[in-house]
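# Observations on chain architecture
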Amino acid sequence: MSTVAEILTAVGYKIFDNPAIQTITDDSQPSTSECIQWLNDGIDVLSKILYQYESSFGRTVGKFTTSKAVRITNITQANPAVVTTQDDHEFTTGDSIYLTGISGMIDLNNTSYTITVIDSTSFSLDGIDSSSYDEYTGNGIANPKKYYNDLASNMLGPAPWGVVYYEANAYKIERKSHRKILSYGPNDIGRPKYFYLDESGNIYLLPVPDDKYIIEIPYWIRQTQLTKTTDTVPFDGFFDRFLIEGVAEVYFNRNEYTLTNEQLWRNFLLQRILNLIKRRDGVDNEVEC
């Protein structure tokens, strides 16, 4: 693992012709702040390449346990409304429970409610008077979690797959677009087979979990911006050489900036990084620029 200072020292040796002047400082040309910005730009490009090619470099595995959703069998027209479930709900007074898929008493659909537990298969909805609502006619799911937000907020994106662990078994879970999972109805519960992310990075599981499953989803993050010479450069030194070359390349072309030069710089990083990814991950990705 290298610090920014160590990277800039290597950059200095590469770009300065005069052996007596090989140190990048706040007053040098280029300055420390300029080089740190170029270094951040290179890390950003690198992070996106690693995500695009699903490399093991920079990959994090998000892990969380699902909540158990239960089917609804009745809802009273009363103050407060009382919900009866098919199986033991395992909820606790004060929990926020999301109701969906209800027929008849549709006023309660797609909303979370704070509950008071009555017994193992019934609970009331705090502050909800359903006396004037249409009569409950069937269906419905009570779900402690509408979605999960257990992956990092600075996520670039997840892998197209994950793993569901249940008892002694492991199952694959696949990422789908929102449009492709619309065939699932609001009353589908079971072992999750698919997941999708909304624009805020929240994870939705389909079918809705009918028990407590352990979910693992690999993902890649957007690296924290470097600001000081004492900051640690990410990726454990694997890409230091390419980042040093990238900063030097920007310096040598700084007065001739064009979109073509920008693309050449990105391709410069891409070609070299992919060679290392192939050796490390054993993949043969085609370069698409």
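Everything discussed here concerns the structure shown above.
Now for a look at the structure at hand. (Residues numbered from 1 in each chain as written. Predicted model: local features only at pLDDT ≥ 70, side-chain atom pairs only at ≥ 80, totals over all residues. Heavy atoms only, no water.)

## Considering the pairing of strand S4 (residues 96-100)
Applicable threshold: Buried means the residue's accessible area, taken with a 1.4 Å probe over protein chains only, is under 20% of the maximum for its type, while exposed means over 50%, and partly exposed covers the values in between. Strands here mean DSSP runs of E at least two residues long; helices mean DSSP runs of H or I at least four residues long; both are numbered from the N terminus. Here, a strand pair is defined by DSSP locating no fewer than two bridges between the strands.
The buried fraction of S4 amounts to four of the five residues, a majority that puts the element mostly inside the structure. Relative to strand S5 (residues 111-119), S4 runs antiparallel, the two being bridged by four bridges. Paired with Leu-99 across the two strands is Thr-111, which belongs to S5. For S4 and strand S7 (residues 141-143), the ladder comprises three bridges, and the chain directions are antiparallel. Within S7, the position partnered with Leu-99 by the bridge is Ala-142.

## What about the sheet that holds S4?
Put simply, the rule reads: Inter-axis angles, ranging from 0 to 180 degrees, are taken between N-to-C directions of lines fitted to C-alpha atoms, where helices are fitted over the stretch in contact.
Strand order in the closed barrel formed by six strands is S2-S3-S6-S5-S4-S7, with antiparallel pairing between adjacent strands. Geometrically, the sheet is characterised by an average inter-axis angle of 45° between neighbouring strands, direction not taken into account.

## Digging into the environment of Trp-220
To keep it simple, the criterion reads: Residues count as neighbours in contact if any of their non-hydrogen atoms are within 4.5 Å of one another. Polar contact criterion, stated in full: a pair of N or O atoms within 3.5 Å, where within protein one must be able to donate a hydrogen and the other to accept it, and residues adjacent in sequence count only if both atoms are side-chain atoms.
The topology assignment puts Trp-220 in strand S15 (residues 214-221). Put simply, Trp-220 and His-178 are 42 residues apart on the chain and 20 Å apart in space, counted from C-alpha to C-alpha. Apart from the residues within four sequence positions on either side, Trp-220 is in contact with Leu-50, Tyr-51, Glu-54, Ser-55, Phe-57, Gly-58, Arg-59, Met-155, Leu-156, Gly-157, Pro-158 and Ala-159. Looking at Trp-220, its side chain comes within polar contact range of the main-chain oxygen of Phe-57, at 3.4 Å.

Function cannot be inferred from these measures alone, as they are strictly geometric.
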